[in-house]
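# Understanding the architecture of this molecule
Now for the letters of each chain:
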Amino acid sequence: MKKGYKFLLLIFSFFILYSCNSNQNNSPKEFYESVTFLNQKNDSLSIIEVIKLYDANQFTIPFENKVFYDLKGEKSSWIHFKIKPQKEDSYFLIWNPFLEYGKLFTRNDSIKHLKTFSLLDDEKLNWKYRIPTWKISKSKTTTDVFLNIKDNRERTTLKFLLLDEYNYQLFSQIDYAVIAIQIGVLLVLLIIAIFLFSGKRKKAIFWYALYVIFCITEFILYKGLDLQFGFGYSAVFQSTKRIIFQSLSITALLFFFINFYPFVKQTKLIKKVYLIIAYISLFISLIFLTEYINNKIYIDKVYLYTILRFCAVFVLGSHVYLIIKKILPVYLGIAFLLPISGFFIFYVLGEPKQTLSLFGSFMVDNIYPVMITIEMSMILYYIISQFVKSES
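The text that follows walks through the structure, step by step, so that each part is easy to find. What you see is a predicted model; the values in this text were computed from it and never measured. (Residues numbered from 1 in each chain as written. Predicted model: local features only at pLDDT ≥ 70, side-chain atom pairs only at ≥ 80, totals over all residues. Heavy atoms only, no water.)

Turning our attention to the nonpolar core. Buried together is how nonpolar side chains tend to be arranged in soluble globular proteins. In terms of nonpolar packing, the biggest core is built from 57 residues, with Tyr-208, Phe-256, Tyr-261 and Ile-383 touching the most fellow members. Of all the secondary structure elements, the ones that give two or more residues to this core are helix H4 (165–200), helix H5 (203–222), helix H7 (235–260), helix H8 (268–294), helix H9 (301–324), helix H10 (330–349) and helix H11 (358–391). For this core, the leading source of residues is H7, giving 14 residues. Aside from chain neighbours lying at most four places away, what touches Tyr-261 is Phe-256, His-319, Leu-322, Leu-328, Leu-332, Phe-336 and Tyr-382. (Core = buried A, V, L, I, M, F, W, Y, C linked by side-chain atoms within 4.5 Å. Buried < 20%, exposed > 50% of the residue type's maximum accessible area, 1.4 Å probe, protein only. Helix = DSSP H or I, 4+ residues; strand = E, 2+ residues; numbered from the N terminus. Contact = heavy atoms within 4.5 Å.)

Now for the sheet that holds strand E5 (residues 90–94). Spatial strand order, E8-E5-E11: 3 strands in an open sheet with antiparallel pairing. Two strands bound the open sheet, and with one partner strand each, they are strand E8 (133–136) and strand E11 (160–164). Averaged over all neighbouring strand pairs, the angle between strand axes comes to 20 degrees, with direction disregarded. Looking at chain direction, E5 and E8 are connected through 4 bridges and run antiparallel. Paired with Leu-93 across the bridge in E8 is Thr-133. (Pairing = 2+ DSSP bridges. Axes fitted to C-alpha atoms, helices over the stretch in contact; angles between N-to-C directions.)

By the definition in use, this model includes 43 aromatic pairs. Judged by centre distance (5.7 Å) and plane angle (35 degrees), the ring pair of Phe-37 and Phe-63 falls under tilted. A residue pair is termed long-range when its members are at least 10 positions apart, and Phe-37 in strand E1 (residues 36–37) and Phe-63 in the loop between strand E2 (61–62) and strand E3 (68–69) qualify at 26 residues. Phe-37 sits in the buried class, given a relative accessible area of 7%. Ring geometry for Phe-255 against Tyr-279: centres 5.8 Å apart, planes inclined by 85 degrees, an arrangement best described as edge-to-face. Residue Phe-255 is located in helix H7, and its partner Tyr-279 is located in helix H8; the two are separated by 24 residues in the primary sequence. For Phe-255, a relative accessible area of 12% translates into the label buried. Of the residues examined, Tyr-279 reaches a relative accessible area of 48% and is grouped as partly exposed. (Phe/Tyr/Trp six-rings, centres within 6.5 Å; stacked < 30°, edge-to-face > 60°.)

Below you can see the structure in the form of structure tokens.
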């Protein structure tokens, strides 16, 4: 226990050190205010043409103090910012492992193409870090940076970071530590579930353990670790990788409900609907698997995801009904509300800003998986309490 407290204290210390350190290239406010968009979107511009447009003062659209942008269905965007003369290398990061395309050029003494990140090309799915990161060499003169991005998702996250060597290393250490803590907690839940299954041999525990496994996998994909460690597989897989494991999670969770909840005559219909939804989500997973095998998309993921959303709404509503009927405890209903509440926080507090602190940015990035972890912990608590109750 003491080691755990020391580890958490170390993470907190990293946040304090990062916040207090003054060696960053720019403050977040100073940096985002220096960023501008080209006043046209175009897929065919060369970097030479882009630079000519910059020299002709065509980068006139300011980068707003927000993180979420709507780029779906649009042509590629060009973004520009400057880096002051530096005595050490800089690191530019886009805090988004799901950005479909990003290419970066620099100009000082010459024009350099640094790297292209793409989730649309099977040959570019092996990243050195889990999010798009470019190392920009030090220079005695001002460096012009030109970023070409394209994304066809419902909402594009453009959280930019410009860090020096020290802050980049510190940021990555904090990032890995936060990920390690979350995976560690999930593994503890899995180990407890395995012990319970080995002792009780209940099918419901097997489905709960499977649910945790799918959630761990989805979390790894959510963090972009598959790209960093060379398991990107294909562009088709990247387009729907989270949804397949979310649908598999729903399948496992529903079979847990079916096999463990104490349904009565009044709630037998809910049990039957759970079974239907379980097979629907399993069928959706099989569609995605077929697409991965054939490396071809047959059905737009938006339609399949919409079906899963309607299923999730029914599951949530039915839990409220089961709580009202006193078949389930209230805390279990609260647990299922937590992941959904993470999305509504943005509507209450407003969308995150470019000027959000490091601590706040990590909170935004991790709020959904943290809520899911709490939900799983509550379910495990319910399982154990039912076993204790049955044996007393």
